[in-house]
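# Structural overview for review
Spelled out from the first residue to the last, the chains are:
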Amino acid sequence: MSKTTEILEAYRKSVMGTYSPSVVVASGKGVTVRDADGLILYDFTSGIGVQNAGYSHPKIVKAIQDQAALITHCSNLFVNEPATRLAEKLVELSGLGGKVFFCNSGAEANEGAIKLARRWGAANGGRYEIVTFRQGFHGRTLATLSATAQGWCQEGYDPLPVGFVYADYNDLESVKAAVSDKTVAIMLEAVQGEGGVTPATPEFMRGVRELCDEKNLLMICDEVQSGMGRTGKWFGWQNYDVQPDLFTLAKALGGGLPIGALVSNKRLADVFTPGSHASTFGGNPVAAAAGLATIEVIEEEGLLEKAVSRGELLREALAAEVDKYDQLLEVRGMGLMLGLVVDGDTKPIVQALQDQGLLALTAGPHVVRFLPPLVIEESDLEEAIDMISDALDCVYGSGEE
Ligand SMILES: *Cc1c(COP(=O)(O)O)cnc(C)c1O
């Protein structure tokens, strides 16, 4: 029996079946992972948008080791310097002049954003409703699930928290129709990730901002997937000519360690007061040190520029495949957050990619999603592009030989 088979069997016996994995990952280096039997695979999932700086980056590994040797946790009743420095850095990169709240995950960051918006709304006209978008994704806690306007992940969890109203993405009229005198905020992703790798149009982002200004609503951007350089800017909203009031981060923020953050502008900086919100591990010193090291790596290695240039390469290669096969409809996305839209099922493609030695994701039923680490070299990307081409040939091209 292979090591993979043995561990998968043990996994299925003892771990709840919320996922259906077929690969056992033993280690990772740069843009590849090694499975339990020594097979090396390109990871174009980046651990679902987490490893933007690549696996086992020496600088991030060292920051984690050094901080772990000093202190791993001290609670938020005391201050730790790494979290303080990370907050300073995020405020600076955002240019919003506000403050940061730290937590541990994307769902928890969005939960915090929802709470902050409600607390602000309670003091500003008794408003609490938040407009969110179909095909959006905000997490799996009850409130963030309620904010996630996708039936498949809400099934079986009624009653969900109230106070969310759904609108159509990139359709300003539908947002206007969803806004009432109870509305306090509009919450959206600059690029919808899980829902299909769909970027907001510039007119839509601008329209949402203007509507927020006009009706005194908060604009909340969920940057959990599109943040930390993925789209070629620090935060996805920076690709647009707008500023949100509040945005959330997680996934890539900790360079592989769990950390989430809520970043506000100036006027929301002091909505949370002592006792009004908390998280035991939020801003954990090891995760924060990893976050600081990740930001340094992104800066020193020019990863924002790389996300753009490598993203163009991959986009062109995928577009060439779209030209080749009628079953491929479109490439969309931004930077190194790209989706290949398929007329039909995406699962055979993801499987064929894996057979070639490349891990990819889906996003909704009809999109194959590529989120390679931003550190990817051109030579690796070219090899991966050949694998993608061969995989698509296996799925669609077999009759043409
Ligand atoms: C992954 C994701 C979340 C949820 O993050 P978790 O860390 O899994 O809770 C929220 N919003 C977006 C946009 C995401 O991609």
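Sequence order as written defines the numbering, with residues in each chain counted from 1. Since the coordinates come from a predicted model, pLDDT governs what is reported: local features require at least 70, and pairs of side-chain atoms require 80 or more to be given and counted, while whole-chain, interface and lining totals use all residues. Heavy atoms throughout the structure, all of them, feed into the side-chain values; hydrogens and water do not.

## Looking at the confidence of the model for the protein chain
Per-residue confidence for the protein chain averages 97 on the pLDDT scale, and 99% of its residues sit at or above 70. Per-element confidence in the protein chain ranges from a low mean pLDDT of 94 for helix α7 (residues 151-154) to a high of 99 for strand β10 (residues 218-222). pLDDT is a per-residue confidence score from the predictor, ranging from 0 to 100. Going along the chain from the N terminus, every DSSP run of H or I of four or more residues is numbered as a helix, and every run of E of two or more is numbered as a strand.

## With respect to the side chain of N265
Position of N265 among the secondary structure elements: in strand β12 (residues 260-265). Pairs of N or O atoms within 3.5 Å make up the polar contacts considered here, provided that, within protein, one atom can donate a hydrogen while the other can accept it, and that residues adjacent in sequence are counted only when both atoms are side-chain atoms. Of note is the side chain of N265, whose polar atom sits 3.2 Å from the backbone nitrogen of L268. Once you skip the residues sitting within four places of it in the chain, N265 turns out to touch L96, G97, G98, K99, P244 and D245. Working rule for contacts: check all heavy atoms of both residues, and any pair within 4.5 Å makes them a contact.

## Section: the packing of aromatic side chains
The pairing test for Phe, Tyr and Trp rings, Trp by its six-membered ring, is centres within 6.5 Å, and the orientation test on the planes gives stacked under 30 degrees, edge-to-face over 60, and tilted for anything in between. This structure, assessed with the given rule, holds nine aromatic pairs. Aromatic side chains F133 and Y169 sit 6.0 Å apart centroid to centroid with 75° between the ring planes, which places their arrangement in the edge-to-face category. In this pair, F133 sits in strand β5 (residues 129-133) while Y169 sits in the loop between β6 (164-167) and α8 (172-178), placing the two residues 36 residues apart along the sequence. The pair formed by F133 and Y169 is uniform in burial state, with each residue classed as buried. Aromatic rings pair up to connect F133, Y169 and F204 into one cluster. A simple rule labels every residue: compare its accessible area, found with a 1.4 Å probe on the protein chains alone, to the largest value its type can have, and call it buried under 20%, exposed over 50%, or partly exposed in between.

## Quick notes on the nonpolar core
Side chains of nonpolar character tend, in soluble globular proteins, to be buried together. L90, M205, L314, L358 and F370 are the most contacted members of the largest nonpolar core, which totals 95 residues. Domain boundaries shown here were taken from an automatic or database domain assignment. No fewer than three residues from each of domain 1 (3-56 + 303-396) and domain 2 (58-300) sit in this core. Among residues more than four places away in sequence, those in contact with M205 are L188, A190, A200, M219, C221, W237, Y240 and V242. Formed by 22 residues, the second largest nonpolar core is a distinct cluster that contains W120, I130, L218 and L246. Side-chain atoms within 4.5 Å link the members of a nonpolar core, which is a set of buried Ala, Val, Leu, Ile, Met, Phe, Trp, Tyr and Cys residues.

## Notes on the layout of surface pockets
Space left empty within the atom packing is revealed by a probe, the size of a water molecule, rolled over the atoms. Think of a 1 Å grid over just the protein atoms. A cavity is a set of points where a 1.4 Å probe fits yet cannot get out, a pocket is an open set with protein on both sides within 12 Å along at least five of seven lines, and lining residues have an atom within 4 Å of a point. Grid points are joined across faces, edges and corners, and a volume is the space filled by probe spheres set on the points. Put simply, the second largest pocket is a space of about 800 Å³. Forming the walls of the second largest pocket are 30 residues, and the residues nearest its centre are N76, V100, F101, F102 and H277. Looking at the lining of the second largest pocket, the elements with two or more residues in it are α4 (81-94), β4 (97-103) and β12. Looking at which element gives the most residues to the lining of the second largest pocket, the answer is β4, with four residues. Classes in brief: Ala, Val, Leu, Ile, Met, Phe, Trp, Tyr, Cys and Pro nonpolar; Asp, Glu, Lys and Arg charged; the others, Gly included, polar. Here the residues of the lining of the second largest pocket sort into 15 nonpolar, 13 polar and two charged.

## Here's the deal with helix α13 (residues 378-396)
What a helix is expected to span follows from its residue count: subtract one and scale by 1.5 Å. Look at α13: 26 Å from first C-alpha to last across 19 residues, which is about the 27 Å you get at 1.5 Å a residue. Among the residues of α13, L381, A384, I385, M387, I388, S389, A391, L392 and Y396 are the ones counted as buried.

## Remarks on a negative patch on the surface
Exposure above 30% relative accessible area and no salt bridge define the residues that can form patches, which grow by joining like charges within 9 Å and nonpolar side chains of Val, Leu, Ile, Met, Phe, Trp and Tyr within 5 Å. The method behind every accessible area is Shrake-Rupley, applied with a 1.4 Å probe, and residues are considered shielded solely by the protein chains displayed. One side-chain nitrogen of Lys or Arg within 4 Å of one carboxyl oxygen of Asp or Glu is enough to make a salt bridge. Only four residue types enter the charge count, namely Lys and Arg as positive and Asp and Glu as negative; His and the chain termini do not. Charge placement uses NZ in Lys and CZ in Arg. For Asp and Glu, CG and CD serve respectively. Residues E382, E383, D386, D390 and D393 make up a contiguous surface patch of negative charge. Looking at where D393 falls in the secondary structure, it is placed in helix α13.

## Here we look at unusual backbone geometry
For the peptide bond that leads from D158 to P159, omega is -5°, which places it in the cis range. One non-glycine residue with positive phi stands out, namely S56, at about 50°. In this fold, S56 is placed in the loop between α2 (46-49) and α3 (58-70). Judged by relative accessible area, S56 falls into the partly exposed class, the value being 36%. A positive phi angle is found at Q135, which is not glycine, with a value near 70°. Looking at the secondary structure, you find Q135 in the loop between β5 and α6 (142-147).

## Quick notes on the sheet that holds β10
Strands are labelled as partners when DSSP assigns at least two bridges between them. In space, the seven strands of this open sheet follow the order β4-β12-β11-β10-β7-β5-β6, with mixed pairing throughout. Where the open sheet ends on each side, the last strands, each with one partner, are β4 and β6. Neighbouring strand axes in the sheet, compared pairwise and without regard to direction, differ in orientation by 20° on average. In this sheet, strand β7 (residues 183-188) lies alongside β5 in parallel orientation, the contact comprising three bridges. In this analysis, axes come from line fits to C-alpha atoms, helices being fitted only over the stretch in contact, and the angle between any two N-to-C directions falls in the range 0 to 180 degrees.

## Structural notes on the sheet that holds strand β14 (residues 337-342)
Read from one edge to the other, the open sheet built from four strands follows the order β13-β14-β17-β16, with strand pairing classed as antiparallel. Whereas interior strands pair on both sides, the edge strands pair on one side only; in this sheet they are β13 (328-334) and β16 (361-362). Pairing of β14 with strand β17 (residues 367-370), which is carried by four bridges, proceeds in the antiparallel orientation. When the bridges of β17 are listed, V341 appears paired with V367. The strands touched by helix α12 (residues 347-356) within the sheet are β13, β14, β16 and β17, with β17 carrying the most contacts at an inclination of about 35°.

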